[in-house]
Amino acid sequence: MSTFGTLFKVTTYGESHCKSVGCIVDGVPPNMSLAEEDIQPQLTRRRPGQSKLTTQRNEKDRVQIQSGTEFGKTLGTPIGMIVLNQDQRPKDYNEMDKYPRPSHADYTYVEKYGIKASSGGGRASARETIGRVAAGAIAEKFLHQVNNVEIVAFVSGVGKCQLDRSSQNPEFMELLQNITRDQVDAADPIRCPIPDKADEMTKIVERYKADEDSIGGIVTCVVRNVPVGLGEPAFDKLEALLAHAMLSIPATKGFEIGSGFAGTEIPGSQHNDPFVLKGDRLGTTTNNSGGIQGGISNGESIYFSVAFKSPATISKPQDTASYEGAEGILAAKGRHDPNVVPRAIPIVEAMTALTLADAYLIQKARESTFGVVH
């Protein structure tokens, strides 16, 4: 489906080569200051053509608010946003009408719907994420106003070049507590905040790009100042909702939170997070849990990592078969990312914000009944 969320929800629309892409955002509280300038920075961070490591499709991705605001304030009604597609090249996809791209969605879309967009990736294109990022910018502004929530994502791995993301690594845990978006963006073009690793990652992507190939990577995200109590056991635990959100992003293949898979190697006596008084609430001295216990946020920073596969559309010739089953070779044309993680940063942040804004409204609805019933 194309709708995400329960109370704070977004419906995205559009394909890679249609006239426009965008979204409808419902559930935004009324009387919040909102202008296109609040939304554009994240779209600019996501846009193609911003560096030598991204697709050279030249889209400005300028957002226009169509409804739901007046005189710079939200009305509480659905907010419609639109971004025009301006640099489509359908002719680059002629060969792909005959051959489905290996590991892309061409074949599965045809089998599911009996038809697919004739050029581009259709709804499987990263252009679909524009609506998510626009909606996420609104959700993020809301979260910042209600609890000073901070969401920062960064590249923590490309190919075999990886940061040590262990919850037992004090340097990594310190990075999570202090990293800013300005620091991430200063690490252009790869958006890894560790300089020597950033240089190595950049060279890896350049090498695969020169070979008409692609390579995958990992995005880590941290959320600070999270309210206690978000998440709905048992089936809508907060980490489950975040996993759902992240794995809905194109090209994702994995998700881990807190200590993740490495946590299976840590004894309980070392993995348990001891409680301690922090101001007017309990906190923990360590954070192997990743800010969530029992599916509910505990007030500590939430952090998780998302794995993105190597992009499927590459110019290197590949053995494949036509839709009719005849053997053939496909060397895809068009302009495509050799690695998606630098541009995935604002998408991960957006889906995080949408998940948390929805969970926040749900929890506040529950709290409104406290003391009412007897």
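So, here's what we can say about the structure. (Residues numbered from 1 in each chain as written. Predicted model: local features only at pLDDT ≥ 70, side-chain atom pairs only at ≥ 80, totals over all residues. Heavy atoms only, no water.)

## Comments concerning the packing of helix 7 (residues 238-247) against helix 9 (residues 341-367)
Part 1 of the argument: Between helix 7 and helix 9, the least distance of the axes is 9 Å, while the angle of their chain directions is 140°. You can see that helix 7 and helix 9 cross each other, and the crossing is right-handed. For the pair helix 7 and helix 9, contact is made by Leu-238, Leu-241, Leu-242, Ala-245 and Met-246 and by Val-348, Met-351, Thr-352, Thr-355, Leu-356 and Ala-359, respectively.
Part 2 of the argument: Each residue belonging to the contact of helix 7 with helix 9 can be placed in one class, and the counts come to 9 nonpolar, 2 polar and no charged. (Axes fitted to C-alpha atoms, helices over the stretch in contact; angles between N-to-C directions. Helix = DSSP H or I, 4+ residues; strand = E, 2+ residues; numbered from the N terminus. Left-handed = near helix turned anticlockwise from the far one by under 90°. Contact = heavy atoms within 4.5 Å. Nonpolar A, V, L, I, M, F, W, Y, C, P; charged D, E, K, R; others polar.)

## A few points about the sheet that holds strand 11 (residues 252-257)
Part 1 of the argument: One open sheet accounts for 5 strands, arranged 9-8-10-16-11; its pairing is antiparallel. Strand pairing shows two members of the sheet lacking a second neighbour, strand 9 (161-162) and strand 11, which therefore form its edges.
Part 2 of the argument: Across 7 bridges, strand 10 (residues 217-224) lies against strand 16 (residues 302-308) in antiparallel orientation. Among the inter-strand pairings, Gly-217 is bridged to a residue of strand 16, identified as Phe-308.
Part 3 of the argument: Against the sheet, helix 9 engages strand 8 (150-158), strand 10 and strand 16, with an angle of about 140° to strand 8. (Pairing = 2+ DSSP bridges.)

## Focus on the packing of aromatic side chains
Part 1 of the argument: Across all of its chains, the model carries 4 aromatic pairs by this definition.
Part 2 of the argument: Here the aromatic rings of Phe-8 and Phe-142 are separated by 6.2 Å at their centres, their planes lie at 25°, and the arrangement is stacked. Of this pair, Phe-8 sits in the loop between strand 1 (3-4) and strand 2 (9-13) while Phe-142 sits in helix 3 (residues 129-147), and the two are 134 residues apart along the sequence.
Part 3 of the argument: The buried category is assigned to Phe-8, whose relative accessible area is 1%.
Part 4 of the argument: A relative accessible area of 7% places Phe-142 in the buried class.
Part 5 of the argument: With a centroid separation of 5.7 Å and an interplanar angle of 80°, the aromatic rings of Phe-142 and Tyr-360 are classed as edge-to-face. Within this pair, whereas Phe-142 is found in helix 3, its partner Tyr-360 is found in helix 9, the two being separated by 218 residues in sequence.
Part 6 of the argument: Every member of this aromatic cluster is reached through a ring pair, and the members are Phe-8, Phe-142 and Tyr-360.
Part 7 of the argument: Lying over the aromatic face of Tyr-113, Lys-112 brings its terminal NZ or CZ to 5.7 Å of the ring centre. (Phe/Tyr/Trp six-rings, centres within 6.5 Å; stacked < 30°, edge-to-face > 60°. Buried < 20%, exposed > 50% of the residue type's maximum accessible area, 1.4 Å probe, protein only. Lys NZ or Arg CZ within 6 Å of the ring centre and 35° of its normal.)

## A look at helix 9
Part 1 of the argument: In this model, helix 9 (27 residues) spans 38 Å end to end at C-alpha, consistent with the 39 Å of a helix rising 1.5 Å per residue.
Part 2 of the argument: Burial analysis of helix 9 places 22 of its 27 residues in the buried class, the great majority of the element. (Expected span 1.5 Å × (residues − 1).)

## What about the environment of Pro-193?
Part 1 of the argument: By the element assignment, Pro-193 lies in the loop between helix 5 (181-186) and helix 6 (195-210).
Part 2 of the argument: On a C-alpha basis, the gap between Pro-193 and His-374 in space is 53 Å, while along the polypeptide they are 181 residues apart.
Part 3 of the argument: Excluding residues within four positions of it along the chain, Pro-193 makes contact with Phe-154, Val-155, Leu-175, Ile-179 and Ala-187.

## Notes on the sheet that holds strand 3 (residues 20-26)
Part 1 of the argument: As summarised here, the arrangement of the 5 strands in space is 1-2-3-7-4, forming an open sheet in which the pairing is antiparallel. The open sheet has two edge strands with one neighbour each: strand 1 and strand 4 (63-65).
Part 2 of the argument: Pairing of strand 4 with strand 7 (residues 79-84), which is carried by 3 bridges, proceeds in the antiparallel orientation. Opposite Val-63, over in strand 7, you have Val-83 as the bridge partner.

## A closer look at the nonpolar core
Part 1 of the argument: Ranked by internal contacts, the top residues of the largest apolar core, which has 83 residues, are Phe-8, Val-25, Ile-39, Met-81, Ile-138 and Phe-304.
Part 2 of the argument: Residue contributions to this core peak at 14 residues, all from helix 9.
Part 3 of the argument: What Met-81 contacts, discounting residues up to four positions off in sequence, is Tyr-13, Val-21, Gly-22, Cys-23, Val-25, Ile-39, Val-63, Gln-64, Ile-65, Ala-134, Ala-135 and Ile-138. (Core = buried A, V, L, I, M, F, W, Y, C linked by side-chain atoms within 4.5 Å.)

## Here's the deal with the side chain of Thr-129
Part 1 of the argument: Tracing the backbone through its elements, the reader meets Thr-129 in helix 3.
Part 2 of the argument: Under the relative-accessibility criterion, Thr-129 is labelled buried at 0%.
Part 3 of the argument: Of note is the side chain of Thr-129, whose polar atom sits 2.6 Å from the backbone oxygen of Ala-126.
Part 4 of the argument: Here Thr-129 is in contact with Arg-46, Pro-250 and Ile-347, once residues within four sequence places are set aside. (Polar contact = N/O pair within 3.5 Å; in protein donor to acceptor, adjacent residues only side chain to side chain.)

## Digging into the state of the cysteines
Part 1 of the argument: Per the stated rule, a full pass over the model turns up 0 disulfides.
Part 2 of the argument: In this model Cys-23 remains outside any disulfide bridge; the closest cysteine sulfur is found in Cys-18, 13 Å from its own.
Part 3 of the argument: Judged by its relative accessible area of 1%, Cys-23 is buried.
Part 4 of the argument: Of the cysteine sulfurs around Cys-221, a residue in no disulfide, the closest is that of Cys-192, at 15 Å. (Disulfide = S-S within 2.5 Å.)

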